[in-house]
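Coordinate inspection notes
If you want the building blocks of each chain, they are given just below.
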Amino acid sequence: MPGFAKLAEDIAREAGDMLLARRPTMSGAVETKSSPTDVVTILDKASEQLIRERILAARPDDTILGEEEGEARGESDVRWVVDPIDGTVNFLYGLPDWAVSIAVEVNGEVVAGAVNLPARGELFCAARGEGAWLGGERLRCNTGVPLERALVATGFGYGADRRAVQGQVVAQVLPRVRDIRRGGSCAIDLCSVAAGRVDAYYERGVNRWDYAAAGLIATEAGARLGGLRGRPANTDLTLCAAAGLFEELHDLLVPLDPERDV
Ligand code: IPD
Ligand code: CA
Ligand code: CA
């Protein structure tokens, strides 16, 4: 795996710089007569395009899965998993918590990941077995935090039915924990677990491009990442926290049936 983390980092940095320079402003949108939403759609695609070009220039035989364009298959056993902007709504509103997320899998296992937060000047990265890092600082997640003192990040999907259920579930979680955070980016939520900025994270409906890179960053920082009932992290439910809290939150969630949509 040598070189994968560095390449993911370099590409995430370049895409982040491009997005930072071109991010929409409400006044700019008025001048160009386009809506900020259009600008974001264009930049989402431009970011993924740039990332794909850079990956293929360095690794022409690899597979790339990106949120915007789907999967382009290559011949090697390496797959890159890309979210060109995670936290699109924050990006649209000029809030700083959005990220470029790039993961590298070998035979289906994530071996490297980079999550770049350009508006915060932070770049999280990890390589399997080599730790998780924020700049020169090695990351360790919080440990020994009981459920009732846990700061728990979560998120909500875009569909109304799913959100209604997510609202019911979070209403049952809120009285049992220190507090809830809804930051607006799954990748950043997982990096926040890694950095001890929150204690735990769970969400229904996130995709591999949301959690692949940051999931490795969290596990390399000592956290557990998984789904319900022993499954690996998946779209039905992704849960992350240090051992102990992971199980407590898991056992609180299971009877609430958080994987349903109605
Ligand atoms: C979304 C963010 C958000 C999460 C949603 C995701 P996007 O990704 O990660 O925090 O709650 O489930 O879809 O649309 O900003 O790439
Ligand atoms: Ca996303
Ligand atoms: Ca996205």
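Take the sheet that holds strand β5 (residues 109-117) next. Sheet architecture is open: eight strands sit in the order β2-β1-β3-β4-β5-β6-β7-β8, paired in mixed fashion. Each of the sheet's edge strands pairs with one partner strand only, and the pair in question is β2 (70-72) and β8 (137-138). For strand β3 (residues 78-86) and strand β4 (residues 99-106), the ladder comprises seven bridges, and the chain directions are antiparallel. Across the sheet, residue Val82 finds its bridge partner in β4, namely Ile102. Contacting β3, β4, β5 and β6 (122-127), helix α1 (residues 4-22) runs over the sheet at an angle of about 155 degrees to β4.

So, about helix α7 (residues 208-220). Note on helix geometry: an α-helix contains 3.6 residues per turn, so any two residues three or four positions apart are oriented the same way. With 13 residues, α7 should reach 18 Å at 1.5 Å per residue; the first-to-last C-alpha distance of 17 Å fits that figure. At Ala214, α7 shows its strongest bend, of approximately 30 degrees. The complete set of buried residues in α7 reads Trp209, Asp210, Tyr211, Ala212, Ala213, Ala214, Gly215, Leu216, Ile217, Ala218 and Glu220.

Attention now goes to empty space enclosed by the protein. The tally for this structure, following the rule as stated, stands at one cavity of 30 Å³ or more. Each pocket or cavity is described by its volume, and for the largest cavity that value is around 80 Å³. Lining the largest cavity, in full, are Thr154, Gly155, Phe156, Val165, Gln166, Val169, Tyr202, Glu203, Arg204, Leu237 and Pro258. Sorting the residues of the lining of the largest cavity by element identifies α5 (160-173) and β11 (200-203) as the ones contributing at least two each. With three residues, the single largest contributor to the lining of the largest cavity is α5.

The rules behind these values
- For every chain, the first residue of the written sequence is number 1, and numbering continues from 1 onward in sequence order.
- Each chain is given a letter, starting from A, and each ligand a number, starting from 1, according to the order in which they appear as written.
- Confidence filtering applies because this is a predicted model: local features only for residues at pLDDT of at least 70, side-chain atom pairs given and counted only at 80 or more, and all residues used for totals across whole chains, interfaces and linings.
- Only heavy atoms go into the side-chain values, all of them from the structure, while hydrogens and water stay out.
- For two strands to pair, DSSP has to find at least two bridges joining them.
- In this description a helix means any DSSP run of H or I spanning at least four residues, a strand means any run of E spanning at least two, and both kinds are numbered starting from the N terminus.
- By definition in these notes, contact holds between two residues if any of their heavy atoms fall within 4.5 Å.
- Lines fitted to the C-alpha atoms define the axes, with helices restricted to the stretch that makes contact. Angles between their N-to-C directions range from 0 to 180 degrees.
- The span one expects for a helix is its residue count, reduced by one, times 1.5 Å.
- Here the bend at each residue means the angle between axes fitted to two seven-residue stretches, the one ending at that residue and the one beginning there.
- Buried, partly exposed and exposed residues are distinguished by accessible area as a fraction of the type maximum, computed with a 1.4 Å probe on protein chains only: under 20%, between the cut-offs, and over 50%, respectively.
- Grid points spaced at 1 Å and placed over the protein atoms alone form the basis of the search, with a cavity being a set where a 1.4 Å probe fits but cannot get out and a pocket an open set showing protein on both sides within 12 Å along at least five of seven lines. Lining residues have an atom within 4 Å of a point.
- Grid points are joined across faces, edges and corners, and a volume is the space filled by probe spheres set on the points.

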